[in-house]
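What follows is the residue order along each chain.
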Amino acid sequence: MSTLPPKLSAAIDGVPMEYLLAGSGAPPIVLINDAGAPLEGWYKMLPALAALGTVFAYNRCGIGNSGSAREAQTGAAMMETLRALLFKADLAPPYVLVAHALGGLIANLFARSYAGEVAAVVWLDASAPEEMDARQARQGRLSQWLRRALDLAQDRDTLNETGQLSRSVEQIAEAPPFPDIPLTLLCAAPPMLPWLTSQAELDARVAGQRRLAALSPRGCRVVTAGSGHFPQLSEPELALAAVRDALAAISRR
């Protein structure tokens, strides 16, 4: 594993948040993790990204040495924490947001809410908001009962972001339109665990990803044959190429 820069910490509303910085130059490249994923998951990409500009990665509440959440971790709450942390790290906008999976919800809401602060977005196997909400709604009674039992057994934090998906989806629907910025969506083909997914769900997933890519006039969807759900680990060169293309598009504009 590549050696990562020393981790830093800043308090946001009294909660310590862990982050790191590498490289230099603008626009800052902001890495947004999947649910429960630590910043170490970017280790294959980080050295090459640092050669392109300033890179920022962080751990959300309850991950690594970041403190526990004090409020429900909706998309809006996570977005505002990230924005405040970028300010504490002295990183001025606009940003290039590179988001994996559930982190795509944060990037989606950020770009809509603060359009002037986002120069480009790169999504790595992110799901469309309505797809994530529908997936929860399709859970059968047994699945819901098992989840509640597991939550009780683990004394799970009720403020956890995965428990706030419906509200996060609503917040995106209530936000302004997505801005006209460079947008790239890398999506896995086939998706993770296809044998556990119905054809209707697979079709809905593709339709949702096409809608995501169409949010911006400059959006594009790239199907990756061998990446799986974690292109930043399985095919980091593809994710790096998407970031390079975004930076080039920003320079041309």
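Right, let's walk through the structure included here. On a predicted model such as this, the values are computed, not experimentally measured, just so you know.

## Some thoughts on the nonpolar core
Argument step 1. Ile32, Phe56, Tyr58, Leu82, Leu97, Val121 and Trp123 are the most contacted members of the largest nonpolar core, which has 41 residues in total.
Argument step 2. A per-element tally of this core places helix α3 (residues 103-113) first, with six residues.
Argument step 3. Leave out the neighbours within four places in its chain, and Tyr58 touches Met17, Glu18, Tyr19, Leu31, Ile32, Asn33, Leu39, Leu82, Leu85 and Ile106.
Argument step 4. Counting residues in hydrophobic clusters, the runner-up holds 23 residues, among them Leu31, Val55, Val122 and Leu124.

## Examining the sheet that holds strand β2 (residues 15-22)
Argument step 1. Read from one edge to the other, the open sheet built from eight strands follows the order β1-β2-β4-β3-β5-β6-β7-β8, with strand pairing classed as mixed. Only two strands of the sheet have a single neighbouring strand rather than two, namely β1 (8-12) and β8 (219-224). Within the sheet, the average angular offset between the axes of one strand and its neighbour, ignoring direction, is 20°.
Argument step 2. Where strand β7 (residues 183-188) meets β8, six bridges bridge the pair, whose relative direction is parallel. In the sheet register, Thr184 faces β8, and the bridge partner there is Cys220.
Argument step 3. Each of β1, β2, β3 (29-32), β4 (55-58) and β5 (95-100) is contacted by helix α2 (residues 75-88), which is oriented at about 125° to β1, the strand it contacts most.
Argument step 4. Packing of α3 onto the sheet brings it into contact with β3, β4, β5 and β6 (118-124), and relative to β5 it is tilted by some 150°.

## Observations concerning helix α9 (residues 236-252)
Argument step 1. In this model α9 runs 24 Å from its N-terminal to its C-terminal C-alpha over 17 residues, within 8% of the 24 Å that 1.5 Å per residue would give.
Argument step 2. As for α9, its buried residues are in contact with β3, α1 (46-50), β5, β6, β7 and α8 (231-234).

What counts, and at which threshold
- Residues numbered from 1 in each chain as written.
- Predicted model: local features only at pLDDT ≥ 70, side-chain atom pairs only at ≥ 80, totals over all residues.
- Heavy atoms only, no water.
- Core = buried A, V, L, I, M, F, W, Y, C linked by side-chain atoms within 4.5 Å.
- Buried < 20%, exposed > 50% of the residue type's maximum accessible area, 1.4 Å probe, protein only.
- Helix = DSSP H or I, 4+ residues; strand = E, 2+ residues; numbered from the N terminus.
- Contact = heavy atoms within 4.5 Å.
- Pairing = 2+ DSSP bridges.
- Axes fitted to C-alpha atoms, helices over the stretch in contact; angles between N-to-C directions.
- Expected span 1.5 Å × (residues − 1).

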